[in-house]
Amino acid sequence: NDDDEYGRFRDNINDDKDDTSNTAMDAVGAATKRRPPNPLESASLLSRFTFAWNFQLLRKGMDNVMGLEEIDLPQLVKSDQSCWLLTQFENNIWDIKTMCSINRGNKSKRATKKDNTKEKNKHGQYQLARALLTDYWKSTFWARVLLNMNSIVKVFQAYSMGKLLEAFGSIDNDNGNDYNNHSQAYLWGCMMILCGSIAIPTKQHQFNITFRKGIQLRIALIAAIYAKTTKLSSVAVVDNSYNSISTVDSIKEDNGTRKKANNNNYHATSGHVTNLASNDVEKFLMTSIFTNLVIGAPLEAALILFVGCTTLGQAFAAGFGIFVVAFLPLQSFLGKKFALYRSRVAALTDNRVSFVSQALSGSRIMKMNGWELEFEKRIAQKRRLEIKQLQNSNMLRGLNEAIYYFGSISVVLFVLILHVFVLEGDLTVRNVFTTMTLMNMLQYTLTLHLPNAVMGLAECSVSAKRIQRFLELPEREVVYCAPASAANLETTGTKPCRRQEELLDNTTLLSMNDVTCYWNGGNNENYTQSNSSIPNTKAVANVTIDFHAAEMVCIIGSVGCGKSALLQAIVNELPISTGNVTRNYESLAYAPQDPWIMNGTIQENILMGLEFKKQWYDEVIESCGLLIDLGLFRNGDMTLVGDRGVQCSGGQRARIGLARALYRNADILVLDDPLSAVDARVGRQIFDMALLNLSIKRGKCVILATHQHQYVREQRCILVVEGGKVQGMGSYDDIVVPTAVDKILSSVIDNAVVDFVDKCEENESNDKNSVLKKGNNENNFVSSLTNKSETDKKNESSESKQTGVVRLETFKQYAKAMGGTWLAIFMLLLFSVTQATYIITIRILGQWPERDDPKSIGYVQLVITLCITIMFLSLFRASLFFYLTLEASRELHDKMTHAVLRTSVSFFDTNPLGRILNRFSADVGSNDELLPMTIFSFAVGIFIFMGSVIASTVVLPFLLLVLPFLIYGFLRLRRIFLQTTRELKRFESLARSPIFAMLSETLRGVATIRANDSVPYLIQKMEVALDAHSRATQTFSSASRWFATTLDCLSFILMSSATLLSILFATQGWFSIEPAVLGLALSLLVQMSTQNFPYIVRLSAEVVNNMIAVERVLEFANLQPEAELELASDKDILENGWMSGGAVEVNDLSVRYRAGLPRALDGATFAIPPGSRVGIVGRTGSGKSTIVQTLFRLLEAEHGTIFIDGVDIAKVGLHNVRKNISVIPQSPTLFSGCTIRENLDLFNVHSDTDIHNAIANASLTSLVKNLPQGIHSQVLEDGANFSVGQRQLLCLARASLNKKVCKLLILDEATASVDRDTDQLLHASLESSFQDCTILAVAHRLDTVINSDYILVLDKGRVVEFGPPVDLLLKVDGRFRTMVEDTGETTSKALKDQAFRSKKAN
């Protein structure tokens, strides 16, 4: 199975680490060898005990002027590596869940859909959560032991402090003459110090164990999520029934109605998967710290109850009861509500991130149509719904923080009043401060840690449920091919392959027998999943075909008839409902119609993890016509193509995808219309050299779906008609005449394939050596990882990283987003007043036993008034703070959204989608929830700390003897820690982006990845990315433990000094210390040393580190925008009738995609009269699409001008340029989450009649009628419920709606993916609809532009010919004439005749 395959792949990688073969993993291994070993593995026992083994790295980070580098991070130990963690998850966690659900699974096979749903709800709701908890419980046994030890020593320390205060009272009463009291003071003082010394290592080591486990869980879950994306059924990915709202609770909309979330439907969108791998998985990290307290907290509470009752009796038990009866149920209620709001927020975040993903993916279409502001508005609407739920969550968070702050002081007051007034007990200083300390500990446990554990577990329960439901999505059925005998095999890498000579002619490699497939994966047309936008119609109907070795089978038919569906069934991406498929091949390769290109070099995209073989690689590159293209790239085949291959033209992307399939040297080559994206000359070269010579003549079976029928006349053809039915099989002539399909194939006018033009071979062979040398192809696949141009790698691919301290400007911008400077000052005053009131209350409580009349009503009223004031101030402070920080996050998000949507397209070309989504998901999520909580906790803690230090030094001034040294040590340690961990936090943020990029990339190209057997390669690549992230996180965690341990030691020294010096000064009579004063100081110092000080200092570092997320959001919020959307002069230009004719004049135009890249257009000059039809031709990469982008000002001219109707478009606002030009782009883009109607008319300015007319003009009426909701049917992610050709037609319908105001129409390979008859019908429709417009048509198929008024021929960004077609055809050795003649003798004659007839008719 697949798991075994992954395991074998990992084993082979490990076995081959010392091998000299050039693979990607060797590059990774080389990098690993350069890394320092993990110091933990060689650390001494003392070093492990104190975490001192981290200091070397911290010191290096401080001493290095350039800061810490990623290569300085040590290697991971085996138990932290993602490969090992995934294996453990699959074997020990997910397997437990599977075993728990075995009965449910058996029943579900026999149950109806309804019954299956009930079984799932009954038995499988929290199986993954329980399995994770079980694994956590086993792994953290020693952490619980240490936690319980820590609880015991803390409670005993509080008891010792009470006994010390009692001894001080005795010393004060006998004037220091009783040496027995002196010894008692020293005894209990030493006991306090001993308890403190034990508390430090037990606390830090249990924290280290649990936090490390949290990191491991996070990495394992991300790895499992990624592994699942590689196994998902195509139905699970395509089906719109996967609703990302995963809660049974309803969500209130803006209009006040309640929308019931659908709990049974899922859709694996990239936004949802990104959110799972970022926000959902992140919950397990923090919750792992507190989970053990679910058991530890009650045990500690029981110990506190015992000691408290020993000290104060029944009154303490009553106070304890308040915590248990009042606070715990309240915390349980808050936990449940918080989980509810968390699930709602997660669903809304999914929705927002998915929509942002669509906007970014379709950035060019968005800008060409002037939709930036509309998308910004819609994103803001989705963000408002998310903010609304976050505000509800923050109200609970603020209430919880306020309860924690005033809870203990209120209960202490209640206990003391009960003890004095009801039980009439004696009140002593020991009673007061022991009770106060124990209640502080109880509060810390029951109202902070335990609620955090409860709320964390509630959040993790929601997240585990969401992850489980994703992991339970249907997987693609694994098929097994008939194994070849050992005698007929040779080994290539780790996969057995047939010898070439064994692939004999007529050997049946694949046989389909009465195969039927449905789009939604059901078994009949009546099976339709709820909310699906795909009717469960047949994709393939009763197909019976055999495919043989050394044979080409061409699949032809009209657009949307089911050609691609048949290919998907062949490559096992469309589930077989009935019938059977027999497979007798060892390997298969697949190149889809919409080529999947990953973010990497051209060579990486072709090899996809295979061993580099120079001769075979050269042959593939040459046969795919890529030699000249590589020569145009600065780094040849080492050029970084960017996310989705944005650096390449459509034809180049198609040929890279084809080269990938060819390089695999598979038995069966499945190609979905790769010839539509290239010109006739390159198409002829691909057909002759790649398909015939490299494939058919070498015994391969080629299955080609195509609309380029000039190539198929000599091949076996399969005609597919609507509904996936095979109408005929045989030679081209056999199936054309008997089936009367002249209506479909009327324009097929070529005969057998002719020999490739010798001149073309010579031209390309001359470039071969220089191009591949430029691409450094003498090296192998490792060079693509290690020997690339480092400058290009940093400039074009690497994510920017700030260095040094987080700038003060970042904090200023955040404060400004919160509401401004005055509001920040008010918040500081509010925190100060609240803390001052708190300390005054403690001081007054401490003096209560020393009063002559302990039952004074006035005194009690004063304390009650102070407690009520604290309660009000803490509630107001928390509520206001969380409201302001959420507003700051909203403001920053909106600024970033505006800036990203308004920036130039070069930003999207150089930043992968996953990198940008990382800012909109993980960084925004941090600003929403993590950063506010960190700042608030730090602000509260720092005021407690300052109040404690000031109060302690006032009452114990001799602390000034040690305090300066401790402050110096603290500042020194903080500097060492911050300087290094700041970089570690940035490394962690940067390491997240490749993970999210790979998730979205893989989900988008999963069919290509699987069909080409590249899953192990991608799995290993993800493991490398996960290890990079884990390396930064684990290093940061270990460094934090060293820092925390050192801080604990400093605070321990301060507390010990205060204790011993107080005893010394009191026993020697040097300084008179009242027990109440000492109790105040020691209680504050104990609280500070055990809870506050190390925590506060860590929080100070965390605030700075979490501000990196703000820094990253601000980086995108300050992107350089495009030119103004509208100018003041636009009104006058439009009133003068601009854009009424459509004349275009280009003068000496030069354009670059980015600074440092070669010119894409170089000195282009031509003039187009108004109302003309112009065909733009040239080989792929010649600059045709660049002209389109320049006319829309997606690319600004470096030199030269463009005039439309006499106006320089550089002096007109972008929207007035773009909205007056209609375009049908080369890559058809539809926006998911929107209906068909919204995709055509985003601003809702056209009537339904206009929409239906546009659909009819695009020949899509029957398609839309068959959808469940017609024009209101939802479009899936990437337009997955439509074929590529149908998507192009929808884009054509979108453009036709603009015909009333449009005087310039641009067709950028608009009909490349449709059949010729539909192509001609649509061109006729466009001629009619846009008869008064200037039409610029970029085309590779010359018959679509041969009737144009003018032909513009481009080559290497230069205009080589421009004029009427007939004039260009009459040029001897003319470029256009050569292109026509390259199509073949019969086709070239027909094209020439058509051009002359058109001229005569005009």
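Residues numbered from 1 in each chain as written. Predicted model: local features only at pLDDT ≥ 70, side-chain atom pairs only at ≥ 80, totals over all residues. Heavy atoms only, no water.

1. Digging into the overall build of the chain
Broken down by element type, the chain carries 48 helices and 23 strands. Scored against the burial criterion, the 1402 residues of the chain give a buried share of 62%. The long-range fraction of contacts in the chain, counting pairs at least 24 apart against all pairs at least 6 apart in sequence, stands at 83%. If you sum the accessible surface of the chain, you get close to 52300 Å²; carbon and sulfur atoms cover 55% of it. (Helix = DSSP H or I, 4+ residues; strand = E, 2+ residues; numbered from the N terminus. Buried < 20%, exposed > 50% of the residue type's maximum accessible area, 1.4 Å probe, protein only. Contact = heavy atoms within 4.5 Å. Areas by Shrake-Rupley, 256 points an atom, 1.4 Å probe, with all protein chains shown as cover.)

2. Details of the pairing of strand β9 (residues 588-591)
Of the two faces of β9, both are covered, the one formed by Leu588 and Tyr590 as well as the one formed by Ala589 and Ala591. Sheet topology note: the β9/strand β10 (residues 668-672) ladder contains four bridges and is parallel. Bridging across to β10, alanine 589 finds its partner in leucine 669. (Pairing = 2+ DSSP bridges.)

3. Description of the sheet that holds strand β23 (residues 1358-1363)
Ordered by their spatial adjacency, six strands build an open sheet running β19-β20-β21-β16-β22-β23, and the pairing between neighbours is mixed. Because the sheet does not close on itself, it has two edges, and the strands there are β19 (1221-1224) and β23. Each strand axis lies, on average, 15 degrees off the axis of its neighbour in the sheet, ignoring direction. Where strand β16 (residues 1173-1177) meets strand β22 (residues 1350-1355), four bridges bridge the pair, whose relative direction is parallel. Of the residues in β22, the one forming a bridge with valine 1177 is valine 1353. Running over the sheet, helix α39 (residues 1184-1191) touches β16, β19, β20 (1304-1308), β21 (1334-1338) and β22 and is turned about 145 degrees from β20. (Axes fitted to C-alpha atoms, helices over the stretch in contact; angles between N-to-C directions.)

4. A few points about the environment of glutamate 166
Structurally, glutamate 166 can be placed in helix α9 (residues 141-173). Residues glutamate 166 and alanine 185, spaced 19 residues apart in sequence, show a C-alpha to C-alpha distance of 8.5 Å.

5. Focus on unusual backbone geometry
Even without being glycine, asparagine 572 reaches a positive phi, approximately 70 degrees. Classification of asparagine 572 by relative accessible area gives buried; the value is 8%. In this structure, aspartate 1373 takes a positive phi of about 60 degrees despite not being glycine. Locating aspartate 1373 in the fold gives a position in the loop between α46 (1365-1369) and α47 (1375-1381).

6. Some details on helix α17 (residues 429-471)
When the terminal C-alpha atoms of α17 are compared, their 59 Å separation across 43 residues agrees well with the 63 Å that a helix rising 1.5 Å per residue should span. The largest bend in α17 is about 30 degrees, located at leucine 450, with the proline proline 451 one to four residues further on. (Expected span 1.5 Å × (residues − 1). Bend = angle between axes of the 7 residues up to and from the residue.)

7. Description of the packing of helix α12 (residues 270-290) against helix α33 (residues 913-955)
Following both chains from N to C, one finds α12 and α33 inclined at 25 degrees, their axes separated by 9 Å at the closest point. Considering their axes alone, α12 and α33 lie roughly parallel with respect to each other. For the pair α12 and α33, the crossing hand works out as right-handed. Contacts from Thr274, Ser278, Asn279 and Lys283 in α12 reach Leu917, Ser921, Ala922, Gly925 and Glu929 in α33. (Parallel < 35°, antiparallel > 145°, perpendicular 65-115°, else oblique. Left-handed = near helix turned anticlockwise from the far one by under 90°.)

8. Side note on the environment of valine 620
By the secondary structure assignment, valine 620 is in helix α20 (residues 614-623). Residue classification places valine 620 among the buried residues on the basis of a relative accessible area of 1%. Spatially, the C-alpha atom of valine 620 lies 6.4 Å from that of tyrosine 663, the residues being 43 residues apart in sequence. Among residues more than four places away in sequence, those in contact with valine 620 are Ala659, Leu662, Tyr663 and Leu694.

9. Re the pairing of β23
As paired strands, β22 and β23 are joined by five bridges and run antiparallel to one another. In the sheet register, valine 1353 faces β23, and the bridge partner there is glutamate 1361. Between β22 and β23, which follow one another and run antiparallel, lie two residues, and lysine 1356 among them has a positive phi close to 55 degrees.

10. Focus on the pattern of salt bridges
Two side chains carrying opposite charge are able to pair once their charged atoms lie near each other. Under the defined criterion, the tally for this structure stands at 47 salt bridges. Aspartate 350 is paired through a salt bridge with arginine 466; the nearest N and O atoms lie 2.9 Å apart. With aspartate 350 in helix α14 (residues 314-361) and arginine 466 in helix α17, this pair connects stretches of sequence that are 116 residues apart. We note that aspartate 350, like arginine 466, is buried. The salt bridge partner of glutamate 573 is arginine 476, with a shortest N-O separation of 3.3 Å. Taken together, the residues glutamate 573 in the loop between α18 (563-570) and β8 (578-583) and arginine 476 in the loop between α17 and β3 (489-492) connect sequence positions 97 residues apart. Both residues of the pair, glutamate 573 and arginine 476, count as buried. What you see here is one network of salt bridges that share partners, running through Lys367, Glu372, Arg902, Glu1122 and Arg1218. (Salt bridge = Lys/Arg side-chain N within 4 Å of Asp/Glu carboxyl O.)

11. As for helix α16 (residues 372-422)
If you check α16, its first and last C-alpha atoms are 71 Å apart, about what 51 residues at 1.5 Å a residue would give, namely 75 Å. The largest bend in α16 is about 40 degrees, located at phenylalanine 406. Positive phi appears at glutamate 424, one or two residues downstream of α16, with a value of about 55 degrees.

12. Overview of the side chain of arginine 430
Within the secondary structure, arginine 430 sits in helix α17. Given a relative accessible area of 16%, arginine 430 falls into the buried group. For arginine 430, the residues in contact, after removing those within four places along its chain, are Tyr159, Gly162, Lys163, Glu166, Thr311 and Thr435.

13. Notes on the packing of aromatic side chains
Under the counting rule described, the total for this entry stands at 24 aromatic pairs. Ring centres 6.2 Å apart and planes at 5 degrees place the aromatic pair phenylalanine 872 and phenylalanine 876 in the stacked group. Of the two residues, phenylalanine 872 and phenylalanine 876 both sit in helix α31 (residues 857-902), four residues apart, roughly one turn of that helix. Look at phenylalanine 876 and you get partly exposed, because its relative accessible area is 36%. Consider the rings of tyrosine 1350 and phenylalanine 1362, whose centres lie 5.5 Å apart with planes at 10 degrees: the pair is stacked. Here the residue tyrosine 1350 occupies a position in strand β22, and phenylalanine 1362 occupies one in strand β23, the gap between them amounting to 12 residues. One aromatic cluster is present, built from ring pairs that chain together Phe831, Phe881, Phe882, Phe936 and Phe943. Positioned above the aromatic ring of phenylalanine 355, the side-chain terminus of lysine 382 is 5.1 Å from the ring centre. Cation over ring: arginine 877 sits above tyrosine 405, and NZ or CZ is 4.4 Å from the ring centre. (Phe/Tyr/Trp six-rings, centres within 6.5 Å; stacked < 30°, edge-to-face > 60°. Lys NZ or Arg CZ within 6 Å of the ring centre and 35° of its normal.)

14. Considerations on the sheet that holds strand β15 (residues 1159-1168)
What holds strands together in a sheet is hydrogen bonding between their backbones, with the strands either parallel or antiparallel. The sheet built from four strands is open, its strands ordered β15-β14-β17-β18 with antiparallel pairing. Each of the sheet's edge strands pairs with one partner strand only, and the pair in question is β15 and β18 (1207-1208). Against the sheet, α39 touches β14 (1144-1152), β15 and β17 (1199-1204), its axis set at about 70 degrees to β15.

15. Here's the deal with the side chain of glutamine 206
On the secondary structure map, glutamine 206 appears in helix α10 (residues 179-229). Every residue in contact with glutamine 206, bar those within four places of it in the chain, is listed here: Ala143, Leu146 and Leu147.

16. A short note on the confidence of the model for the chain
Mean pLDDT for the chain: 78, with 82% of residues reaching 70 or above. In the predicted structure, residues 1-33 sits below a pLDDT of 50 and forms 47 contacts with residues beyond four places in sequence or in another chain. Considering only residues more than four positions removed or in separate chains, one finds that residues 101-126, a stretch of pLDDT under 50, has 22 contacts. (pLDDT = per-residue confidence, 0-100.)

17. Things to note about the environment of leucine 217
Positionally, leucine 217 belongs in helix α10. For leucine 217 and tyrosine 136, which are 81 residues apart along the polypeptide, the C-alpha to C-alpha distance reads 8.8 Å. Not counting residues within four places of it along the chain, the set of residues in contact with leucine 217 comprises Ile93, Leu132 and Asp135.

18. A look at a nonpolar patch on the surface
Together, Leu133, Trp137, Val294, Ile295 and Leu299 make up a nonpolar patch on the protein surface, roughly 390 Å² of accessible area in all. Looking at the nonpolar patch, the elements that each hand over two or more residues are α8 (127-139) and α13 (293-312). When residues of the nonpolar patch are assigned to their parent elements, the largest contribution, three residues, is made by α13. One can find leucine 133 in helix α8. A relative accessible area of 38% means that leucine 133 is categorised as partly exposed. (Patch = residues over 30% accessible without salt bridge, like charges linked within 9 Å, V, L, I, M, F, W, Y side chains within 5 Å.)

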